[in-house]
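# An overview of the molecular structure
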Amino acid sequence: MKLITAVIKPFKLDDVKDALKAAGVAGMTVTEVRGFGRQGGHTETYRGAEYKIDFVPKMSIEVVVDDAAADATVDTIIQAAATGKIGDGKVWVTDVSRLVRIRTGEEGGDAV
Ligand SMILES: Nc1ncnc2c1ncn2[C@@H]1O[C@H](COP(=O)(O)OP(=O)(O)OP(=O)(O)O)[C@@H](O)[C@H]1O
């Protein structure tokens with residue numbers, strides 16, 4: 001199992017969610033976060049306000065998928081989240097050692 005974490009522009013959340021659902025992803029977690037990348041020294045506009053260097057509002061997405069689906073899921077997120085402009089975000093992949101569905105006790109791929 002892989003945990004795919006993506007930090008994206010908030011207005012791209014619906015596009016990414018729709019693309020992931022279309023790709024068959026069974027669930028996801030989203031969190032409002034703030035952060036910065038290499039855009040330091042530049043400005044970004046969010047809801048009409050300009051942010052400089054400091055923490056820019058972003059959405060963090062977490063999706064756990066089978067190993068075989070990880071690369072395609074990353075590609076799906078990139079395609080849906082990209083604007084080509086600075087601050088589009090990042091996506092990274094982490095190994096998951098155990099996944100359990102609390103209701104049934106199912107584990108691993110059965111619990112996705
Ligand atoms: N190294 C990192 N570790 C953790 N989170 C990061 C890292 N880099 C960026 N982020 C998160 O991703 C968000 C968007 O990053 P950003 O798109 O600015 O990355 P970048 O690599 O600087 O790319 P760009 O050149 O497009 O700005 C940041 O606001 C931050 O929340």
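Keep in mind that this is a model prediction, so the values were computed, not measured. (Residues numbered from 1 in each chain as written. Predicted model: local features only at pLDDT ≥ 70, side-chain atom pairs only at ≥ 80, totals over all residues.)

As a further point, take the confidence of the model for the chain. On average, residues of the chain score 92 in pLDDT, and 93% of them reach the 70 mark or higher. The ipTM assigned to the predicted complex is 0.88, against a pTM of 0.88. (pLDDT = per-residue confidence, 0-100.)

Two faces, one strand: in a regular strand the side chains alternate between the faces of the sheet. Taken across its 7 residues, strand 2 (residues 29-35) has 0 buried, putting it largely on the surface. With 7 bridges connecting them, strand 2 and strand 5 (residues 56-65) associate as antiparallel partners. Directly across from Arg 34, in strand 5, lies its bridge partner Pro 57. (Buried ≥ 20, exposed ≤ 12 C-beta atoms within 10 Å, placed from the backbone. Helix = DSSP H or I, 4+ residues; strand = E, 2+ residues; numbered from the N terminus. Pairing = 2+ DSSP bridges.)

With antiparallel pairing, the 4 strands of this open sheet are ordered in space as 2-5-1-6. Looking at strand neighbours, the two that pair on one side only are strand 2 and strand 6 (89-95), the edges of this open sheet. For this sheet, the mean inter-axis angle between neighbouring strands, taken without regard to orientation, is 20 degrees. Bridging between strand 1 (residues 2-8) and strand 5 involves 7 bridges; their strand directions are antiparallel. In the strand pairing of strand 5, Val 7 is matched with Ser 60. Against the sheet, helix 1 (residues 13-22) touches strand 1, strand 2 and strand 5, its axis set at about 10 degrees to strand 5. Contacts from helix 2 (residues 70-81) reach strand 1, strand 5 and strand 6, with the element oriented near 10 degrees to strand 1. (Axes fitted to C-alpha atoms, helices over the stretch in contact; angles between N-to-C directions. Contact = placed C-beta atoms within 7 Å.)

Our focus in this paragraph is the nonpolar core. Note that soluble globular proteins tend to have their nonpolar side chains buried in a common cluster. Residues Ala 6, Ile 8, Val 16, Ile 61, Val 63 and Ala 81 are the most contacted members of the largest nonpolar core, which totals 15 residues. Mapped by element, the contributors of at least two residues to this core are strand 1, helix 1, strand 5 and helix 2. Considering every element that reaches this core, the biggest residue donor is strand 5, with 5 residues. (Core = buried A, V, L, I, M, F, W, Y, C linked by C-beta atoms within 7 Å.)

The next thing to look at is the environment of Ala 69. Structurally, Ala 69 can be placed in the loop between strand 5 and helix 2. The exposure class of Ala 69 is buried, given the 20 C-beta atoms found within 10 Å. As for Ala 69 and Leu 3, which are separated by 66 residues in sequence, their C-alpha atoms are 11 Å apart.

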